[in-house]
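Examining the three-dimensional arrangement
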Amino acid sequence: LDRHHSFVVQYAAGKDLGLDMHTDDSDVTFNICLGRDFEGAGLSVCGDMGDSAHRHFTYRHTHRVGHCLMHLGRRRHGADDITAGE
């Protein structure tokens with residue numbers, strides 16, 4: 001591991017509600033749920049940047065507190081809007 005950085009988003013009313021589709025500037029991304037009681041905020045996943053189907057929806061991950069989804073940084077993903085809680 002040559003370097004690392006973190007990016008934290010707090011989803012709550014009056015703060016961030018979701019995060020648009022994007023890729024990360026990393027080899028590997030860990031999406032870890034540190035939330036409390038909440039509804040919504042699923043993680044939508046598409047294909048890998050550079051592939052012909054990189055914009056095609058492939059999977060929706062439902063977060064569970066304390067669990068992690070690991071994927072390639074070049075995989076397009078985004079957080080759906082939170083509908084309640086934080």
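Please refer to the structure placed before this passage.
About the thresholds
- Residues numbered from 1 in each chain as written.
- Predicted model: local features only at pLDDT ≥ 70, side-chain atom pairs only at ≥ 80, totals over all residues.
- Heavy atoms only, no water.
- Salt bridge = Lys/Arg side-chain N within 4 Å of Asp/Glu carboxyl O.
- Helix = DSSP H or I, 4+ residues; strand = E, 2+ residues; numbered from the N terminus.
- Buried < 20%, exposed > 50% of the residue type's maximum accessible area, 1.4 Å probe, protein only.
- Pairing = 2+ DSSP bridges.
- Axes fitted to C-alpha atoms, helices over the stretch in contact; angles between N-to-C directions.

In this section: the pattern of salt bridges. Evaluation of the coordinates by the stated rule reveals 2 salt bridges. Residues D48 and R75 are paired through a salt bridge, measuring 2.7 Å at the closest nitrogen-oxygen approach. Residue D48 is located in strand β4 (residues 43-48), and its partner R75 is located in strand β7 (residues 75-79); the two are separated by 27 residues in the primary sequence. Of the residues examined, D48 reaches a relative accessible area of 11% and is grouped as buried.

Bringing the pairing of β7 into the picture now. Taking burial as the measure, the 5 residues of β7 include 4 buried ones, the bulk of the element. Bridge analysis of strand β1 (residues 19-22) against β7 gives 2 bridges, and the strand direction is antiparallel. Bridged to L19 within β7 is A79. As judged from the 4 bridges shared by β4 and β7, these two strands associate in the antiparallel manner. Residue pairing in the sheet places V45 in a bridge with H77 of β7.

Moving on, we get to the sheet that holds β1. The sheet built from 4 strands is open, its strands ordered β1-β7-β4-β5 with antiparallel pairing. Both outer strands of the open sheet, β1 and β5 (59-61), are each paired with one neighbouring strand and no more. When the angles between neighbouring strand axes are averaged without regard to direction, this sheet yields 20 degrees. As defined by bridge partners, β4 adjoins β5 across 3 bridges and the pair is classed as antiparallel. Note on β5: the bridge partner recorded for L43 is H61.

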